[in-house]
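Observations on the model geometry
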Amino acid sequence: MNKRDYAYIYDIGGGVKGILGDIQGGVVNQYIITQNSEAEIHSRKLIKGSPYVGLNKFEPGDKDKFFGREQWIIQLSNDLEQNNLLLLLGASGSGKSSLVQAGLIPCLSDEFGTSQLSTIIFVPDRNPFASLHESLSKKYRDKWSRFFSNQQDNITLVDFVKHCKEKSEKWIFFIDQFEEIFTITPKVERDKFITSLIPLIQQQNNSVKLIVAIRSDFVDNLREYGDLSNEIEKQIRLIRDMTEIELRLAIAEPAARNGVTFEKGLVELIIHDFYQQAGSLPLLQYTLDLLWREDKPSENNRVLNVATYQAIGGVSGALQKQANRIYNEQLNDEERKAAERIFIELIDLKIKEPISRRVEQSQFKNDENLNKVLEKLIDNRLLVSGKYRSTVEVAHEELLRSWQVFQELLQQKEETLILRSRLFSDAQQWYTLKEDNNDKAQDELWIGYKLERFHILIDEQQFSSFDKESKQFIQASDERQRQLDKERYEKEQQELKLERTQRELANQLLEKERTKNKFLLVLIGATVLSLLAGILGWLVWQGAEQERLLQLSIKIHNGQLESETIDLLPKLIEQGNKYQKQGK
């Protein structure tokens, strides 16, 4: 019987023909699972350490654990042989970074020679040039400092290559997570870096290659930079999902190299669950790593089991189950609240979809409890720290999608996240505009409800820290709000003053009217007195009437006419005239 007829690949539902077809044109790896039976694999030296990287990215040193992408490695290396630029486009979790670091770079290193190939791998941060500088080996950092110590603001990538690269060397720049330049880097720094990137792409130096990896949902952001879009549009490679054959290699081959196999049916079950979880490769690696650590392969147990896989929750539940265990068992109530404050700083929203956000660890250092919880989360691999532990971020965006704690936090803090995202966007727009048109920049400032809500959330400790542009933006907004409040107050005072003046004028007019009415009453009174004087003599015989008229005369004389009395005057006058005629 041919050796391949009983190879282990058949035991896990695969076949040799498809694999060989996938790697035609060059053999990158000789697979153990296609060359050996399960018994032969078990006879290999046992390596107890897990061959799976979990949520970590594959790096060049992991090339012996990286399988299933051989066809892509060959295709991309051929592309770079013809061109100096390569842009990898793919969804989060599609394996872009791992393909480059554990697949393409080791392949190129074998081709060019390790001593002649220098790889510069970095993720752009607030200052992409600083990110690049931090990623350099000491040799190149020293050269950088020597050549650019007095012109930090005028550095270009072409200048860097010209002054630091030796002629015999081949260089590969790999800018990973290029989308960060649109989420973290201020526009001023972003423009400067992209402007510097164009000449590097256009230069005809075949010894310098540039590889860029970016999430597919950020590709529209590139349109803002026409020159860059024109250069990269023909060099885009869209990373597709792994086929079942490729997945079998990625799952079973690393274990086989350590002398371990899978229980019959388990690989097929893992592949089925993998496709149910939208094909997240980091989630797959995490589950396989946890399965290995739980099963603890030994000389007497070289098979990874279905029962253990189901106990850890499978591909769909392993990450959430472990995260819950760490969160609930290793953190008390107060620490969980602190963890939520940390988590909210590490999440951003893009069209209401959560994405990871890298921040400076220093913003948590002043709070002893926050710092303590931060270290626990890093130690348990829910968070990862950057080089020199200066930054921190979620271990992988899969946590944002799979872990219930994050999902609930996103619902509870949606307003906070949206407001913070809007703040960063508006602050960058304001910062850019104020250089050219300060009047337009003023229109970008916050006033009213948004600014008020921001300060309320700050008081509630919903936000921890902000970049320089955002702080300046809020300060300018506060100043603008104070100016508007002052103008509103002054306007209100002017309106009150005008109202008082109008009221005083009305009172003066009323007083004049009253004086006029009083004069008329006195005039009427005098007339009445004259008439009454003429008839008093004729009324002596009417004692009661005389007394009444007398009292009336006194009131008229004193200006004490009442409304009733005034109403009687016409009648009294008429009566007086009557008496006067009778007397005559």
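Residues numbered from 1 in each chain as written. Predicted model: local features only at pLDDT ≥ 70, side-chain atom pairs only at ≥ 80, totals over all residues. Heavy atoms only, no water.

**Here's the deal with the sheet that holds strand β2 (residues 117-122)**
Read across the open sheet, the 5 strands follow the order β2-β3-β4-β1-β5; overall the sheet is parallel. Either end of the sheet is taken by a strand with one partner, and the two such strands are β2 and β5 (236-238). The sheet shows a mean angle of 20° between the axes of neighbouring strands, direction not considered. Bridge count between β2 and strand β3 (residues 170-175): 6 bridges; the pairing is parallel. What sits directly across from I121, in β3, is F174. Where helix α7 (residues 128-135) meets the sheet, its contacts fall on β2 and β3, and the angle it forms with β2 comes to roughly 135°. (Pairing = 2+ DSSP bridges. Helix = DSSP H or I, 4+ residues; strand = E, 2+ residues; numbered from the N terminus. Axes fitted to C-alpha atoms, helices over the stretch in contact; angles between N-to-C directions. Contact = heavy atoms within 4.5 Å.)

**Observations concerning the sheet that holds strand β12 (residues 391-394)**
The antiparallel open sheet is built from 3 strands, whose spatial order is β10-β12-β11. Two strands lie at the open edges of the sheet, namely β10 (359-360) and β11 (383-385), each paired on one side alone. One ladder, built from 2 bridges, connects β10 with β12; its direction is antiparallel. Within the sheet, the bridge partner assigned to V359 lies in β12 and is V392. Contacts between helix α19 (residues 368-379) and the sheet are confined to β11 and β12, with β11 contributing the most and set at about 100° to the helix.

**Some remarks on the nonpolar core**
Counting 74 residues, the largest nonpolar core has I33, F262, F343, L383 and L399 as its most contacted members. It is helix α15 (residues 281-295) that provides the largest number of residues to this core, a total of 8 residues. Once residues lying within four places of it in the same chain are set aside, the contact partners of L399 are L55, L319, A323, L382, V394 and F406. (Core = buried A, V, L, I, M, F, W, Y, C linked by side-chain atoms within 4.5 Å. Buried < 20%, exposed > 50% of the residue type's maximum accessible area, 1.4 Å probe, protein only.)

**Regarding the packing of helix α5 (residues 70-82) against helix α6 (residues 96-112)**
In a pair of packed helices, the angle between the axes and the distance between the axes together describe the arrangement. The contact between α5 and α6 brings their axes to 10 Å, and the two run at 60°. Classified by the angle between their axes, α5 and α6 sit oblique to one another. Between α5 and α6 lies a crossing of right-handed hand. Contact residues: α5 offers W72, I73, L76, S77 and L80, while α6 offers L99, G103, L104, C107 and L108. Of the residues belonging to the contact of α5 with α6, the class tally is 8 nonpolar, 2 polar and no charged. (Parallel < 35°, antiparallel > 145°, perpendicular 65-115°, else oblique. Left-handed = near helix turned anticlockwise from the far one by under 90°. Nonpolar A, V, L, I, M, F, W, Y, C, P; charged D, E, K, R; others polar.)

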